[in-house]
Each structure stands twice: as structure tokens, then as C-alpha cells.
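Architecture and fold: a report
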Amino acid sequence: MGETTNDSDRGISRRALFIGGAVAAVGTAVLARDELGRLWWRTPGVEKPRKEGEVDFGGARWVAASSANWRRADRPDDYGVDRVIIHVTQGSFKSAVKVFQDPGHGAAAHYIVGKDGRITQMIRELDVAFHAGNREFNERSVGIEHEGFVDRPEDFTDAMYEASARLTARICARYDIAVDREHIIGHVEVPGTDHTDPGPHWDWDRYIPLVRAAAKRDAERTAGPSASPSTKPSATLGADASAARKATTAAERGA
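Everything in this summary refers to the structure shown in the same document.

1. Considerations on helix α6 (residues 204-223)
Relative to the 28 Å expected for 20 residues at 1.5 Å per residue, α6 spans 28 Å between its end C-alpha atoms, a close match to the ideal helical length. Two or three places before Asp-205, at the start of α6, stands the capping residue Asp-203, its side-chain oxygen 3.2 Å from that residue's backbone nitrogen. Within two residues after α6, Gly-224 carries a phi angle of roughly 85 degrees, on the positive side.

2. Quick word on helix α5 (residues 158-175)
Here α5 contains 18 residues, and its C-alpha end-to-end distance of 26 Å stays within 8% of the 26 Å for a straight helix at 1.5 Å per residue. If you check which residues of α5 are buried, you get Met-160, Tyr-161, Ala-163, Ser-164, Ala-165, Leu-167, Thr-168, Ala-169, Ile-171, Cys-172 and Tyr-175. The inward-facing, buried residues of α5 abut β3 (83-86), β4 (111-113), β5 (119-121), β7 (141-146), β8 (184-186) and α6. Just downstream of α5, Asp-176 is the residue with a positive phi angle, here 55 degrees.

3. Quick word on the pairing of β7
When you tally the buried positions in β7, you get 6 out of 6 residues, the bulk of the element. Sheet topology note: the β3/β7 ladder contains 4 bridges and is parallel. Residue pairing for β7: Arg-83 is matched across the bridge by Ser-141.

4. Considerations on the nonpolar core
Ranked by size, the top nonpolar core spans 31 residues in total, and within it Tyr-111, Ile-119, Leu-167, Ile-171, Ile-184, Trp-202 and Tyr-207 carry the most contacts. Here this core gets 9 residues from one element, more than from any other, and that element is α5. Aside from chain neighbours lying at most four places away, what touches Trp-202 is Ile-86, His-146, Phe-156, Met-160, Tyr-161 and Tyr-207. Met-1, Ala-65, Ile-112 and Ile-123 belong to the second-largest nonpolar core, a separate cluster that totals 13 residues.

5. Here's the deal with the sheet that holds β7
Strand order across the open sheet formed by 6 strands is β1-β5-β4-β7-β3-β8, with mixed pairing between neighbours. What marks the edges here is a single partner per strand, and that holds for β1 (60-62) and β8. Shown here is a sheet whose adjacent strand axes are inclined to one another by a mean of 30 degrees, direction ignored. As defined by bridge partners, β4 adjoins β7 across 3 bridges and the pair is classed as parallel.

6. Considerations on the side chain of Arg-75
Structurally, the position occupied by Arg-75 is in the loop between β2 (70-71) and β3. No salt bridge is formed by the buried Arg-75, whose closest oppositely charged neighbour, Asp-78, lies at an N-O distance of 6.1 Å. Within the structure, Arg-75 has its side chain in polar contact with the side chain of His-110 (distance 3.2 Å). Within the structure, Arg-75 has its side chain in polar contact with the backbone oxygen of Asn-138 (distance 3.3 Å). Once you skip the residues sitting within four places of it in the chain, Arg-75 turns out to touch Val-81, His-110, Glu-125, Leu-126, Asp-127, Val-128, Asn-138, Glu-139, Arg-140, Ser-141 and Val-142.

7. What to know about the pattern of salt bridges
Summed over the entire model, instances satisfying the criterion amount to 17 salt bridges. Between Arg-83 and Asp-82 there is a salt bridge, with the nearest N and O atoms lying 3.6 Å from each other. By relative accessible area, which is 11% here, Arg-83 ends up buried. Looking at Asp-82, the relative accessible area reads 24%, which means it is partly exposed. A salt bridge links Arg-135 to Glu-139, with the nearest nitrogen and oxygen atoms 3.0 Å apart. Highlighted residues: Arg-135 and Glu-139, both in helix α4 (residues 135-140), separated by 4 residues, approximately one helical turn. Look at Arg-135 and you get partly exposed, because its relative accessible area is 33%. Salt bridges sharing common partners tie together Asp-82, Arg-83, Glu-136 and Arg-140.

8. Here's the deal with the environment of Tyr-175
Topologically, Tyr-175 is positioned in helix α5. When the C-alpha atoms of Tyr-175 and Pro-76 are compared, they prove to be 7.8 Å apart, with 99 residues separating the residues in sequence. In this structure Tyr-175 touches Pro-76, Val-81, Glu-125 and Val-142, once residues within four positions along its chain are discounted. Side-chain polar atoms of Tyr-175 contact the side chain of Glu-125, separated by 2.7 Å.

Basis of the calculations
- Residues numbered from 1 in each chain as written.
- Predicted model: local features only at pLDDT ≥ 70, side-chain atom pairs only at ≥ 80, totals over all residues.
- Heavy atoms only, no water.
- Helix = DSSP H or I, 4+ residues; strand = E, 2+ residues; numbered from the N terminus.
- Expected span 1.5 Å × (residues − 1).
- Polar contact = N/O pair within 3.5 Å; in protein donor to acceptor, adjacent residues only side chain to side chain.
- Buried < 20%, exposed > 50% of the residue type's maximum accessible area, 1.4 Å probe, protein only.
- Contact = heavy atoms within 4.5 Å.
- Pairing = 2+ DSSP bridges.
- Core = buried A, V, L, I, M, F, W, Y, C linked by side-chain atoms within 4.5 Å.
- Axes fitted to C-alpha atoms, helices over the stretch in contact; angles between N-to-C directions.
- Lys, Arg positive; Asp, Glu negative; His and termini not counted.
- Salt bridge = Lys/Arg side-chain N within 4 Å of Asp/Glu carboxyl O.

Set out below in C-alpha cells:
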């Protein structure tokens, strides 16, 4: 599960205030261009519009996490997204939702996937969720929690794997993330973390192919029906061939 962590960018940090004072005193050269890009939304009246209850994955239900457990951002414009991080809740679906709504918890993931395959989104992908226990990885990743316990393989159901794979495939497509183990990782693989999830019973050899299959289906749906000349004859060519046969028959009859 996303771990409690102090992210120094909650609200306007003392560092940001110091930078603002420096800019006023010595000009914009003191503030790097990337910092300006990341702080632009703090300016009054410049925040991008958001629709209440809007989700990034069509199959998800929206339940808002406490604003204390994430940081507003404008990803991928201010922070590039190049990772999906897999978590396990170490508890029930309901308990995970509850703790992510608790401002004292200090952590939350973007999504929770249940044993039954239901998906709840609690933080927009635009924003930085405090889920990885590592600021850089928080900023560059989308976090997905999975209902269950790391030492109970029976918690990782077919419905969960399939729903999670569809979700991860959409995320990877949206940010052009490679579908491999370098870019889809477990919480245990985040530098500096002391977490072990998703644990030894999470079946990576099953999961990654499921994500690839889901990505392929999505790509085919987006491209629309297409026929390969070697496998699916063109309807036009079929009609032309039929017309040719009729013409030949008529000519033979008249001969």
C-alpha cells in the first residue's frame, strides 16, 4: 500500500516561497525554466479547469482521496509519466478507500482494483499521488492498489488481473510507456522503500502478457476493422470477381 511520507511540495513549501523571493530580488535567472513550468499553476487564476467526478479510465468509479494525500500538478506537462507501480492494499477494498480518504494517513494511490475486478479512481492521473515513498517516483508514476494481502495468492483473482491489465494498458498507451518490467514495477522495486508488495505471489509472468493483450485489443479497436489481403479478401474485389463471372457467363450464353 502507499506509504505515509512527507512530500515537501504539499501546498506552497518554504522552498517555493524562498524561490519566489529570489525571483523578485534578482530576476528570473535565479529560477530554472523547469521550476517555472512546475510552479505555474500556483499562480492565482491559472489552474486548469477540472470536472468534479471525472475519471481517466472509463470503467472506473470516482471516490475522492483526501487532498492531504496527493499534490495538484499538470502531468505530463510538468512531470513526465513513465512508470506504473503495482501495490497491494494489505487489507480490504473498503479499508483502502477509507485510509486514502483520511488526511492523517499521508498516502494514497491513483486507483484501487478489487478482487471482483471493480476499479475505483481516487486521484486524477494529472496529479501526484503520495504512493511510492519516493518523491521522484511519485512524480513520474501512476499507482495502482490491489485488494488483498501479499501472502495470500488466492486474493489475486482472474477478475482482478484482467481488470488491472486493462487499466495498465490504457495508462501505458496514454503516456507512451513501454509494456515491460522496467516500466511496470512493484512497490518493492522503488528505491528507498521498505515495502514488499506486491509480494512473491503476484504473477508477473501472467500479468505482463495480459497487459500486452489488452493493449493490442485497444489498438485494434482504435484502428478500426482492417483486412489483410492475404487473410481477408476485399469486399470490393469480391464484388468485382462476381460481376466478372456473370459477364463471362452471359457472353458464353450469347456465343
